[in-house]
Each structure stands twice: as C-alpha cells, then as structure tokens.
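Report on the structure
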Amino acid sequence: MADDFHKPTQYSGDKFDTYEGGEDPAQIMRVAHDTAHALIDRARETDDPAVVDRLVAFTDAHGIDAIAELWARSSPRSLPGALWRIYLLRVVIRQDPDGTSYLFQRGAEVLATIDAAVAGASMPTGPEEITDLADQILRGLFRGDFGVALDRAAAFCRIEAAGCTSAADDAEATEPARATELTTRADRFALTAEELTACARLYRSGTLE
C-alpha cells in the first residue's frame with residue numbers, strides 16, 4: 001500500500017491485484033460495507049451535482065489505493081465489491097484510453113450479442129468515447145438506476161474480454177508473450193463481468209449488502 005494517498009497510483013490494466021488490509025477481517029468487512037452504503041446514500045440524498053462530480057473523479061485526485069484499502073478485499077458479490085470493481089475499471093480506462101477503446105471496438109465487432117447496446121458507448125468508440133463511458137457508468141451508480149449501471153459495466157467487461165481474445169488470436173503466432181497477456185486479461189474481464197452481473201441480480205432482489 002502506498003503511504004501517500006493524495007498522489008494517484010498507476011494501476012496496470014492487465015492486473016486485478018488483491019490488496020492487503022487490516023488484521024481483523026470482521027472489522028474490515030464492517031468498515032467496507034458501512035462506507036459503501038454511506039457513499040451511495042450521500043450521493044443519492046444530495047441535489048448538489050458537484051458532490052457526484054467529486055465522487056466520480058475521486059481516484060483522479062487520491063489514487064486507487066485510497067479506496068482499495070476500504071473495498072478491495074470485499075466479497076465480489078457485495079456493494080463494496082461492486083463499487084471497487086467499477087472504480088477500478090474507470091482507472092484502467094483512464095490510464096490507457098487508446099488501448100482500451102481499441103479492444104472495446106474490436107470486441108464489439110466480434111461479439112454477436114447486445115452487449116454493445118447495453119454498455120451504451122458511442123460507436124465507433126475512440127479514447128474520448130471510452131473515457132466518457134467510464135464516467136457515465138460510475139455516475140449511474142450515484143444518480144441513475146443502480147442495477148442498470150452494473151449491467152452496463154458487466155457488458156463493457158464482456159466486450160473487452162472478447163476484444164482481448166480476438167487480439168490474442170492475432171498475436172499468437174508472432175508475439176506469444178503478448179498473446180498470453182491478452183488471454184489473461186480476457187479471463188479477468190470475463191470474471192469481473194460475471195461478478196457484476198451477479199451484483200445486479202442481488203440488487204434487484206434487494207439482497208445486495
């Protein structure tokens with residue numbers, strides 16, 4: 001963990017690392033859930049758009065470590081787990097908008113599903129559009145339908161996974177190391193999509209804690 005939470009920490013797009021937390025798992029869980037619920041309640045209770053703007057851009061000023069310490073060890077099928085994953089996706093997108101948008105466009109072209117429509121990105125999807133999508137999804141957690149925001153994030157992850165897999169197939173013959181990296185990233189995006197979809201189901205059943 002970085003000691004200085006005010007300096008944004010670079011977070012590699014191909015790694016969804018597990019962060020170490022405190023020594024008491026029960027306390028960690030309580031703090032994670034309490035802060036996640038407080039954050040959502042604060043955002044939905046206020047009429048001040050500046051509050052939501054600050055929440056969306058929180059990691060730009062404070063880095064991913066600041067929320068990782070709170071939520072990274074939470075269950076993937078929980079409110080803090082969902083918030084952690086969507087904040088992390090936004091960081092990944094903003095650190096490499098060119099690469100992320102390329103893989104998204106590639107995935108949207110090869111994936112024969114409605115995921116591109118669910119994700120809601122402008123097509124064709126360039127760096128500006130993919131960055132805007134990240135903000136839209138996170139903003140939707142605070143202002144729109146929470147379940148829809150989770151669905152959009154899951155769709156984004158499925159498209160990225162498809163793009164990574166397609167690019168890995170192209171690189172396999174000439175760049176095997178790159179192909180392996182892309183395949184690993186595809187697996188992580190696919191798993192994150194499953195976790196976010198599960199959170200959306202739990203939210204709609206009133207059991208996302």
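Fair warning: this is a prediction, and the values are worked out from it, not measured in the lab.

What counts and what doesn't
Residues numbered from 1 in each chain as written. Predicted model: local features only at pLDDT ≥ 70, side-chain atom pairs only at ≥ 80, totals over all residues. Heavy atoms only, no water. Salt bridge = Lys/Arg side-chain N within 4 Å of Asp/Glu carboxyl O. Helix = DSSP H or I, 4+ residues; strand = E, 2+ residues; numbered from the N terminus. Buried < 20%, exposed > 50% of the residue type's maximum accessible area, 1.4 Å probe, protein only. Expected span 1.5 Å × (residues − 1). Contact = heavy atoms within 4.5 Å. pLDDT = per-residue confidence, 0-100. Axes fitted to C-alpha atoms, helices over the stretch in contact; angles between N-to-C directions. Parallel < 35°, antiparallel > 145°, perpendicular 65-115°, else oblique. Nonpolar A, V, L, I, M, F, W, Y, C, P; charged D, E, K, R; others polar.

Moving on to the pattern of salt bridges. Here the structure, examined in full by the defined rule, presents 11 salt bridges. Close ionic contact of Arg139 with Asp53 constitutes a salt bridge, the shortest N to O distance being 2.8 Å. Placement of the pair is Arg139 in helix H8 (residues 127–143) and Asp53 in helix H2 (residues 49–56), with a sequence separation of 86 residues. You can call Arg139 partly exposed: its relative accessible area is 33%. Relative accessible area serves as the criterion here: at 38%, Asp53 is assigned to the partly exposed category. Across the salt bridge formed by Asp151 and Arg204, the nearest N and O atoms sit 2.6 Å from each other. Pair noted here: Asp151 is in helix H9 (residues 146–171) and Arg204 is in helix H10 (residues 176–204), with a separation of 53 residues, a long-range link. For Arg204, a relative accessible area of 49% puts it in the partly exposed group.

We now examine helix H6 (residues 97–110). Here H6 spans 20 Å end to end across 14 residues, near enough to the 20 Å set by a 1.5 Å rise per residue. Every buried residue of H6 is listed here: Pro97, Thr100, Ser101, Leu103, Phe104, Gln105, Arg106, Gly107 and Ala108. Looking at the packing, one finds that the buried side of H6 touches helix H5 (79–95), helix H7 (115–119), H8, H9 and H10.

Turning our attention to H9. Since the α-helix turns once every 3.6 residues, residues separated by three or four places project in the same direction. Here H9 spans 38 Å end to end across 26 residues, near enough to the 38 Å set by a 1.5 Å rise per residue. Burial runs high along H9: 20 of the 26 residues are buried.

On average, residues of the protein carry a pLDDT of 89, and 89% of them reach 70 or more. Taken together, the stretch residues 1–22 has pLDDT below 50 and engages in 58 contacts with residues farther than four places along the chain or on a different chain.

What follows covers the packing of helix H1 (residues 25–45) against H8. For the pair H1 and H8, interaxial distance at closest approach is 8 Å and the crossing angle is 80°. By the angle between their axes, H1 is roughly perpendicular relative to H8. Listed contacts from H8 to Leu39, Ile40, Ala43 and Arg44 of H1 are Gly140, Leu141, Phe142 and Arg143. Its residues placed into classes, the contact of H1 with H8 shows five nonpolar, one polar and two charged.

Following Met123, the chain continues to Pro124 via a peptide bond in cis, the omega torsion being -5°. Residue placement: Pro124 occurs in the loop between H7 and H8.

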